Amino acid sequence: MNKPLALLLRGLGLRRPAPKTPLGRAVRRAERTLTVLALLYAGLQAFPQVLFAHSVTANGISIYSRSPLPPAAAACAARAAALVQQSELAVPGRRERVFVCNSPWLFRLFNPRSPGAFAVRVSLTGHVFVADADFQSDTARRSSPEFNTRKLSSVMAHEFTHGLIRHRLGLWRGTLLPDWVDEGYCEYVARESSFPEAEGLRRFAAAEVHPSSAYRYFEYRQMVRHLIDNQHLTFPQIVARASDSAAVTAEARQALQPSKPH
C-alpha cells in the first residue's frame, strides 16, 4: 500500500493500532461514527438529488423538489434566466441546479450557517438550496418575522449571480469581495429586494438606518444601481471601487436628491 493512502486510512481511523483500554475502544468507535457521518454529509452535499424525487429542467436550470413540480416551475426558471441574461457576467450554456427544500430542517441540513435566508448557494458544488417556494405565485419565503417574502425567480437569479461572480473572479477573489459589491450586484441582477421599495428609497435618501438585513441588502443594491445606471461602470470597474463603500454610498444618496431649480 502506498504511503499517502496509508496516511489517509490512518487519519480516518481505519489502520491505526487497536486501542487496549475500554475508553480507547469507545473513543475509536466514536471517531469512526463521526467519520462515517461526515462522509455521508459530504455525499449529500455533492449529490442532494437522492433526497429530491422530482425535477424539471428549463432554460438550463434544473429544479429539484420532494413533491411533484407544477408547470409554473418552468416559468419561474425562465424568468430567473431572463434576469441573469441581462448581466454582463452571463455565460451562455451555463447550467444551474436548484433544490427546493420546503422544510426548515432540510434547509438547515444544507445551510446550517444562515437558516433564516431565502436561499443559499454552496460555493464548492454550485448547488442552490431554496428554503420555501410557491411556484404558482412565484414566491420565496424565509423563516423571519418580517420582510420574509419576495419573488422566487429573483431569489434564483440572485444566487446564480453569486456563481457568475466567482466564475469571473475565481473562488478566492469572489469570496473576499466586500458584501456591498457581492450582494449588491446580485440584488441588482435580481431587480428587487425584500425590503419595501418606497420606504427603502426614502430611508436611503435621508440616510436613515434600519436594523434588518433586508434593508442592508437594499442599500447595497442602490449603491450598485448607481454605479451601473448613473455612472455606467462595468463589473470590473465596480470591483475596482470595492474599497470605496462610503464614497459610493454618498454618491448614490446624492443622486436621489431632488434637483434644485435654477
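What you are looking at is a predicted structure, and each value in this text was computed from that prediction instead of being measured.

Analysis parameters
- Residues numbered from 1 in each chain as written.
- Predicted model: local features only at pLDDT ≥ 70, side-chain atom pairs only at ≥ 80, totals over all residues.
- Heavy atoms only, no water.
- Helix = DSSP H or I, 4+ residues; strand = E, 2+ residues; numbered from the N terminus.
- Buried < 20%, exposed > 50% of the residue type's maximum accessible area, 1.4 Å probe, protein only.
- Polar contact = N/O pair within 3.5 Å; in protein donor to acceptor, adjacent residues only side chain to side chain.
- Contact = heavy atoms within 4.5 Å.
- Pairing = 2+ DSSP bridges.
- Axes fitted to C-alpha atoms, helices over the stretch in contact; angles between N-to-C directions.
- Right-handed = clockwise from strand over helix to strand, strands pointing away.
- Expected span 1.5 Å × (residues − 1).
- Salt bridge = Lys/Arg side-chain N within 4 Å of Asp/Glu carboxyl O.

Draft legend 1. Local environment of the side chain of His127. With respect to the helices, strands and loops of the structure, His127 is situated in the loop between strand 4 (119-121) and strand 5 (128-130). Looking at His127, the relative accessible area reads 4%, which means it is buried. A distance of 3.1 Å separates a polar atom in the side chain of His127 from the backbone oxygen of Gln45. Among all residues touching His127, those that are not within four sequence positions of it are Gln45, Ala46, Pro48, Arg97, Phe99, Val120, Arg121 and Val122.

Draft legend 2. Just the pairing of strand 1 (residues 54-58), in detail. Bridge count between strand 1 and strand 2 (residues 61-65): five bridges; the pairing is antiparallel. Bridging across to strand 2, Thr57 finds its partner in Ser62. The turn linking strand 1 back onto strand 2 is made up of two residues, and Asn59 within it adopts a positive phi angle of 55 degrees.

Draft legend 3. Spatial organisation of the sheet that holds strand 6 (residues 132-134). Overall, antiparallel pairing links the three strands, which are arranged 6-7-8 in an open sheet. For this open sheet the edge positions go to strand 6 and strand 8 (149-151), each flanked by a neighbour on one side alone. Taking each pair of neighbouring strands and ignoring which way they run, the sheet shows an average axis angle of 30 degrees. Sheet topology places strand 7 (residues 139-141) next to strand 8; three bridges connect them, and they run antiparallel.

Draft legend 4. Inspection of the sheet that holds strand 3 (residues 96-100) at higher detail. Pairing within the open sheet is mixed, and its five strands lie in the order 1-2-3-5-4. The open sheet has two free edges, formed respectively by strand 1 and strand 4, since each of these has just one partner strand. Here the average twist between neighbouring strands, direction ignored, is 20 degrees. Where strand 4 meets strand 5, three bridges bridge the pair, whose relative direction is antiparallel. Opposite Ala119, over in strand 5, you have Val130 as the bridge partner. With respect to the sheet, helix 3 (residues 72-85) is in contact with strand 1 and strand 2, its orientation differing from that of strand 2 by roughly 140 degrees. With respect to the sheet, helix 5 (residues 152-169) is in contact with strand 2, strand 3, strand 4 and strand 5, its orientation differing from that of strand 4 by roughly 20 degrees.

Draft legend 5. Representation of the pairing of strand 2 in the model. With five of five residues buried, strand 2 lies mostly within the body of the structure. Sheet topology places strand 2 next to strand 3; five bridges connect them, and they run parallel. Looking at the pairing, Ser62 lines up with Arg97 of strand 3. Following the backbone out of strand 2, through helix 3 and into the adjacent parallel strand 3, one traces a crossover that is left-handed.

Draft legend 6. Seen up close, helix 3. With 14 residues, helix 3 should reach 20 Å at 1.5 Å per residue; the first-to-last C-alpha distance of 20 Å fits that figure. Among the residues of helix 3, Ala72, Ala73, Cys76, Ala77, Ala80, Ala81, Leu83 and Val84 are the ones counted as buried. Along its buried surface, helix 3 packs onto strand 1, strand 2, helix 5 and helix 7 (179-190).

Draft legend 7. A look at the pattern of salt bridges. In this structure the tally under the stated criterion is 13 salt bridges. Arg141 is paired through a salt bridge with Asp134; the nearest N and O atoms lie 3.8 Å apart. According to the relative accessible area criterion, Arg141 is partly exposed, its value standing at 32%. Salt-bridge contacts for Arg203 lead to Glu199; the nearest nitrogen and oxygen are separated by 2.9 Å.

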